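Structural description and commentary
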Amino acid sequence: MMMEEETTMMAALSTLRPSQLSDLSYSIMSLSFHHRCRLCFLLSSPSLFSLTLHHLHSLSFSQKTLLIARHLLFSLHHLTRHFQPPPPLLLHPSAAIKHRDLDAVLLLLFLCETNQHNPEALERPHAEWRDILSNLCSDTMLKITGITGVVDGAALIPYMEMVKRCRRFVGIMGCVGKEGKEVAASIAAVVALPAVEVRRGGVECVICKEEMREGRDVCKLPCQHLFHWMCILPWLKKRNTCPCCRFQLPCDDIFGEIQRLWGVLVKASGKSLDAGWT
Ligand SMILES: [Zn+2]
Ligand SMILES: [Zn+2]
């Protein structure tokens, strides 16, 4: 049965310890605040606003979908790092987002938000948009700063609302959610895999069905399963899952990563339901 996005996120968050939840709330609040500041800044500058709008117009539909997908991935990284810490060497995939693209996606999402809550604002002539949006932006800015002191789950609701919308959109327009789509594991994640020495013999490598001899250096996946390096490397070049338990390693494909991180939330939410979450 498919759980609603919101239920999944709430159930996953309910498994966090209070200290983790306040850490998460704090980091999400400051991130939202930072993004809102950037948006207010861009709306306050006529030249930056017209450049960004121009950039947005120049993007094709699929480029816009990709921008939203990257923003969603960035947001999911924030939500999931308490459930499954990212490998230490892995560079944040959204760390490399250009200022121009960040501005474009922030403006795009704000236009969607405005279209939903204040559709009449966008019926005004284009020349008036910047002033109108600028006012709306400072209004919501006040709301954000008004609740920064509150460090509980409630502060996360607007953020989860954004994640939910982006996920639906990307799910329909992109290719998230296609079962059985295989993607290679991320190179950075593969390079960071540890080598361990086989402590006792008699354990079989499930790929080649041969024994991993005692004292030999083998590869350990984060799920603790062991494989010969010669066997697992070609495997991970084709797919990012463990041959034993289907644990997913990070991948370089944006849509694949969104699906993987969403899976982390779904798994965490399942644990909370098992534990009698109401
Ligand atoms: Zn093997
Ligand atoms: Zn495994």
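One can find the structure itself at the top, above this paragraph.
To keep things clear, this report deals only with the structure shown in the data block. All figures in this text were calculated on a predicted structure; none of them were measured in a lab.

Analysis parameters
- Residues numbered from 1 in each chain as written.
- Chains lettered and ligands numbered in written order.
- Predicted model: local features only at pLDDT ≥ 70, side-chain atom pairs only at ≥ 80, totals over all residues.
- Heavy atoms only, no water.
- Salt bridge = Lys/Arg side-chain N within 4 Å of Asp/Glu carboxyl O.
- Helix = DSSP H or I, 4+ residues; strand = E, 2+ residues; numbered from the N terminus.
- Buried < 20%, exposed > 50% of the residue type's maximum accessible area, 1.4 Å probe, protein only.
- Donors = N, O, S within 2.8 Å, 3.2 Å for Na, K, Ca; no water.
- Phe/Tyr/Trp six-rings, centres within 6.5 Å; stacked < 30°, edge-to-face > 60°.
- Lys NZ or Arg CZ within 6 Å of the ring centre and 35° of its normal.
- Axes fitted to C-alpha atoms, helices over the stretch in contact; angles between N-to-C directions.
- Parallel < 35°, antiparallel > 145°, perpendicular 65-115°, else oblique.
- Contact = heavy atoms within 4.5 Å.
- Nonpolar A, V, L, I, M, F, W, Y, C, P; charged D, E, K, R; others polar.
- Disulfide = S-S within 2.5 Å.
- Pairing = 2+ DSSP bridges.

1. Here we look at the pattern of salt bridges
Inspection of every chain in the model, using the stated rule, returns 11 salt bridges. A salt bridge links Asp103 to Arg38; the nearest nitrogen and oxygen atoms lie 2.7 Å apart. Here the residue Asp103 occupies a position in helix 5 (residues 99–117), and Arg38 occupies one in helix 2 (residues 18–44), the gap between them amounting to 65 residues. Using a relative accessible area of 3% as the deciding quantity, one classes Asp103 as buried. Taking the shortest distance from any N to any O, the salt bridge between Arg260 and Glu257 comes out at 2.7 Å. One end of the pair is Arg260 and the other is Glu257, both in helix 10 (residues 254–274) and three residues apart, which spans about a single turn. Of the two residues, Arg260 and Glu257, both sit in the buried class. Through salt bridges that share partners, Glu4, Glu5, Arg167 and Arg168 make up one connected network.

2. Notes on the coordination of the zinc ion (ligand 2)
Those protein atoms acting as donors to the zinc ion (ligand 2) are Cys223 (SG), His225 (ND1), Cys242 (SG) and Cys245 (SG), and they sit at 2.0 to 2.3 Å. Counting residues between consecutive donors of the zinc ion (ligand 2) along the chain gives the motif C-x1-H-x16-C-x2-C. You can see Cys223 sitting in the loop between strand 4 (217–220) and strand 5 (226–227) and its partner Cys242 sitting in the loop between helix 9 (229–238) and helix 10, a full 19 residues away along the chain. In this pair, the class of Cys223 matches that of Cys242, namely buried.

3. Details of the coordination of the zinc ion (ligand 1)
Protein coordination at the zinc ion (ligand 1) comes from Cys205 (SG), Cys208 (SG), His228 (ND1) and Cys231 (SG), with a distance range of 2.2 to 2.3 Å. Linear spacing of the donor residues for the zinc ion (ligand 1) on their chain is C-x2-C-x19-H-x2-C. The buried category is assigned to Cys205, whose relative accessible area is 0%. Note on Cys208: relative accessible area 28%, which makes it partly exposed.

4. Focus on the packing of aromatic side chains
Note on aromatic pairs: each is described by the distance of the centres and the angle between the planes. Evaluation of the coordinates by the stated rule reveals one aromatic pair. With 6.1 Å between their ring centres and 65° between their planes, Phe61 and Phe169 make a pair best called edge-to-face. Here Phe169 lies in helix 7 (residues 157–173) and Phe61 lies in helix 4 (residues 61–80), a separation of 108 residues in the sequence. Overall, the relative accessible area of 52% leaves Phe61 in the exposed class. The class of Phe169 is partly exposed, set by a relative accessible area of 27%. Sitting over the ring of Trp235, Arg239 keeps its end group 4.1 Å from the ring centre.

5. What to know about the packing of helix 2 against helix 4
As a packed pair, helix 2 and helix 4 sit with axes 10 Å apart at the nearest point and diverge in direction by 155°. Judged by the angle between their axes, helix 2 and helix 4 are roughly antiparallel. Contact residues: helix 2 offers Leu24, Ser27, Ile28, Leu31 and His35, while helix 4 offers His71, Phe74, His78 and Leu79. The residue makeup of the contact of helix 2 with helix 4, split by class, is five nonpolar, four polar and no charged.

6. Here's the deal with the state of the cysteines
Two cysteines whose sulfur atoms are joined by a covalent bond form what is called a disulfide. Enumeration over the complete set of coordinates arrives at zero disulfides. There is no disulfide at Cys112, and the cysteine sulfur nearest it, in Cys166, is 8.4 Å away. What makes Cys112 partly exposed here is its relative accessible area of 44%.

7. Comments concerning the sheet that holds strand 4
Adjacent strands of a sheet form backbone hydrogen bonds with each other and so pair up, either parallel or antiparallel. A sheet is described by the order of its strands in space; here three strands give the open sequence 1-4-5, paired in antiparallel fashion. The sheet terminates laterally at strand 1 (195–197) and strand 5, the two strands that pair on one side only. Summarising the sheet, strand 4 and strand 5 pair through two bridges and their orientation is antiparallel. In the sheet register, Lys220 faces strand 5, and the bridge partner there is Leu226. Sheet strands in contact with helix 9 are strand 1, strand 4 and strand 5, and its direction is about 30° off that of strand 4.

8. Section: the side chain of His228
Within the secondary structure, His228 is located in the loop between strand 5 and helix 9. In contact with His228, other than residues within four places in its own chain, are Cys205, Cys208, Glu210, Glu211, Met212, Arg216 and Val218.

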